[in-house]
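Take a look at the letters that make up each chain.
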Amino acid sequence: MQIFWFLPTHGDSRYLGTSRGARTVSHHYLRQVAQAADELGYEGVLIPTGRSCEDSWVVASSLAAWTERLKFLVAIRPGIISPTVSARQTATLDRFSNGRLLINVVTGGDPDEQHGDGSFLTHAERYEVTDEFLRIWRGVAAGETVNFSGKHLRVENAKTLYPPVQKPYPPLWFGGSSDAAIALAGEQVDVYLTWGEPPADVADKIAKARAAAAVHGRTLRFGIRLHVIVRETSDAAWRAADELISFVTDDTIAAAQKAFSRFDSVGQQRMAALHGGRRDKLEVSPNLWAGVGLVRGGAGTALVGNPQEVAARIQEYAALGVDTFIFSGYPHLEEAYRVAELLFPLLPLENTRPPGTANITGPFGEVIANDIVPPAARA
Ligand code: FMN
């Protein structure tokens, strides 16, 4: 099992839907979150993409030098950028980060944003472009010279002279819930991602994605993206969930739902349907709370509970075939620590890298009376 964290490049705060408790997301702050994740043993960080975010490539490039082992899951957007240029960017950042780049293929889901970026394609056409884009991108990133003439894209003699470190290219991750998305995932990507839907719905998506991959004699890995509200007791966790949306007004929820309704993303529609804009039925399956999605686009659910409860729910998803969990919590710096402290000891993590080395500087808490190392905590 691998645990990723999230870089909040579109804002961070203690509460949703208000500027109370908000903090400036400066380079210095993002560096703190990235360095915390690196030190705590998270495998990597997801960096979101879109007009509401700082540019994910600039963010990853600027943070690679400040981190040692952390991987960066960075988005490429077919239809907005040339596949050859994108493959070259990939190769450069993969080399400069010494093989720490992962690629998130984002087809897009907000027509208004797409129009602003110069793309006027329908949902179906965007997936046609994504399909053609990846055929070119994969060849160029793998060091081949590509000639391709498709319905939307055409390149001649496309190549990169300096290949990436990872072979044949940095792994392709991808989250899309429509039928077109699942068909594409089966043929061309490595890791299929879903937002945090209830386990039965995730099982259904995994079955479909596995079947789509089998058509091509392939297998996929699976990842899930969830917020986490974990506290030492269940009561405290549910109180924290209520506090997170305590300044969210009905008007804010209505405005958010109106904005989501223009999206043509099936994944976003599935997230919005979990709560229907209502705050009275937010626990949509045991310990799975849809409160974040009342006002936040994309990942809208959180696992809420004490460490044992949350770990049990994580294991439930793992039993379905999910091996990668991309978590976050508000505020992202403090919650990176809390999740690592409370959950990591309960999970079968690969590559767990405890903070510090050789126990010289911990973890053991502050030394008692300048002399005594605190006793080990009881589990
Ligand atoms: N879409 C974005 O515009 N920016 C993102 O950063 C982004 N990150 C995503 C992360 C995960 C884990 C998932 C599951 C989806 C993400 N998406 C993001 C949305 C999808 O990439 C996709 O373009 C969108 O859901 C539309 O596809 P669909 O209609 O097939 O669901």
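Preceding this section is the structure that the text describes.
Residues numbered from 1 in each chain as written. Predicted model: local features only at pLDDT ≥ 70, side-chain atom pairs only at ≥ 80, totals over all residues. Heavy atoms only, no water.

J.: Where do I start with the overall build of the chain in this structure?
T.: Across its full length, the chain carries 12 helices and 15 strands. With respect to the three principal axes, the spread of C-alpha positions in the chain is 70 × 50 × 40 Å. Residues counted as buried form 53% of the 379 residues belonging to the chain. Considering only residue pairs separated by 6 or more positions, the chain has 74% of its internal contacts joining residues 24 or more positions apart. Accessible surface computed for the chain: about 17,000 Å², of which carbon and sulfur atoms make up 52%. Treating the 37 positive side-chain charges of the chain as one cloud and the 42 negative ones as another, the clouds have centres 3 Å apart. (Helix = DSSP H or I, 4+ residues; strand = E, 2+ residues; numbered from the N terminus. Buried < 20%, exposed > 50% of the residue type's maximum accessible area, 1.4 Å probe, protein only. Contact = heavy atoms within 4.5 Å. Areas by Shrake-Rupley, 256 points an atom, 1.4 Å probe, with all protein chains shown as cover. Lys, Arg positive; Asp, Glu negative; His and termini not counted. Charge placed at Lys NZ, Arg CZ, Asp CG, Glu CD.)

J.: What exactly am I supposed to notice about the pairing of strand β1 (residues 2-6) here?
T.: It is a general feature of regular strands that their side chains alternate between the two faces of the sheet. For β1, a buried count of five out of five residues is recorded, marking the element as mostly surrounded by other parts of the structure. Along β1, one buried face is formed by Gln2, Phe4 and Phe6 and the opposite face, lined by Ile3 and Trp5, is buried too. Sheet analysis places β1 next to strand β15 (residues 322-328), joined by three bridges and oriented parallel. Looking at the pairing, phenylalanine 4 lines up with isoleucine 326 of β15. Pairing of β1 with strand β4 (residues 44-46) involves three bridges; the strand directions are parallel. Residue phenylalanine 4 lies in a different strand from β4, and its bridge partner there is glycine 44. (Pairing = 2+ DSSP bridges.)

J.: When you look at the pattern of salt bridges in this model, what are you seeing that I'm missing?
T.: Between side chains of opposite charge, pairing is possible as soon as their charged atoms come close. In this structure the tally under the stated criterion is 22 salt bridges. Taking the shortest distance from any N to any O, the salt bridge between aspartate 112 and arginine 51 comes out at 3.0 Å. Here arginine 51 lies in the loop between β4 and α2 (56-64) and aspartate 112 lies in helix α4 (residues 111-116), a separation of 61 residues in the sequence. Each member of the salt-bridge network shares a partner with another, and the members are Arg51, Asp110, Asp112 and Arg262. (Salt bridge = Lys/Arg side-chain N within 4 Å of Asp/Glu carboxyl O.)

J.: Help me out: how do you make sense of unusual backbone geometry in this one?
T.: Backbone phi values are negative for most residues with the exception of glycine, while trans is the configuration of most peptide bonds. Following lysine 167, the chain continues into proline 168 via a peptide bond in cis, with omega recorded as 0°. Relative to the helices and strands, proline 168 resides in the loop between β8 (154-158) and β9 (172-174). Along the chain, tyrosine 330 connects to proline 331 via a cis peptide bond; the corresponding omega equals -10°. In this structure, proline 331 sits in the loop between β15 and α12 (332-343). Positive phi, close to 65°, is recorded for asparagine 287, a residue that is not glycine. In this fold, asparagine 287 is placed in the loop between β12 (283-285) and β13 (288-289).

J.: What's the story with the site of the ligand in this structure? I'm lost.
T.: Taken together, 22 residues sit near the ligand, with His123, Tyr127, Gly175, Ser178 and Val266 positioned nearest. Contacts to the ligand include glycine 108, whose backbone N or O atom sits 2.8 Å from an oxygen atom. The contact in question runs from an oxygen atom of the ligand to an N or O atom on the side chain of tyrosine 127, over 2.7 Å. In terms of residue count, the dominant contributor to the shell around the ligand is strand β10 (residues 191-195) (three residues). (Near = heavy atom within 4 Å. Polar contact = N/O pair within 3.5 Å; in protein donor to acceptor, adjacent residues only side chain to side chain.)

J.: Before we go on, may I ask you to explain the pairing of strand β14 (residues 302-305) in this structure?
T.: Residues Ala302 and Val304 line one face of β14 and the alternating positions Leu303 and Gly305 line the opposite face, and both faces are buried. As paired strands, strand β11 (residues 221-230) and β14 are joined by four bridges and run parallel to one another. By the bridge assignment for β14, valine 228 is matched with leucine 303. Pairing between β13 and β14: two bridges, direction antiparallel. Within the sheet, the bridge partner assigned to tryptophan 289 lies in β14 and is alanine 302.

J.: Explain the packing of aromatic side chains here, please?
T.: Remark: the centre distance and the inter-plane angle together describe each pair of aromatic rings, the angle taken between the planes. Throughout the structure, instances matching the rule amount to nine aromatic pairs. Taken together, a centroid distance of 4.9 Å and an interplanar angle of 65° make the contact between tyrosine 42 and phenylalanine 344 edge-to-face. On the criterion of sequence distance, the pair formed by tyrosine 42 in the loop between α1 (27-40) and β4 and phenylalanine 344 in the segment after α12 is long-range, its members being 302 residues apart. In this structure, tyrosine 42 and phenylalanine 344 share a single accessibility class: buried. (Phe/Tyr/Trp six-rings, centres within 6.5 Å; stacked < 30°, edge-to-face > 60°.)

J.: Explanation requested: the side chain of asparagine 306 in the structure shown.
T.: Along the chain, the position of asparagine 306 falls in the loop between β14 and α11 (307-320). Here glutamine 308 takes part through its backbone nitrogen, which lies 3.1 Å from a polar atom of the side chain of asparagine 306. A polar atom in the side chain of asparagine 306 sits 2.8 Å from the backbone nitrogen of glutamate 309.

J.: Whenever I open this one, the environment of valine 165 confuses me. Can you help?
T.: Within the secondary structure layout, valine 165 lies in the loop between β8 and β9. On the accessibility criterion, valine 165 (38% relative accessible area) is partly exposed. It is 6.7 Å that separates the C-alpha atoms of valine 165 and asparagine 98, two residues lying 67 residues apart in sequence. In this structure, valine 165 is in contact with Asp94, Arg95 and Gly99, ignoring residues within four places of it in sequence.

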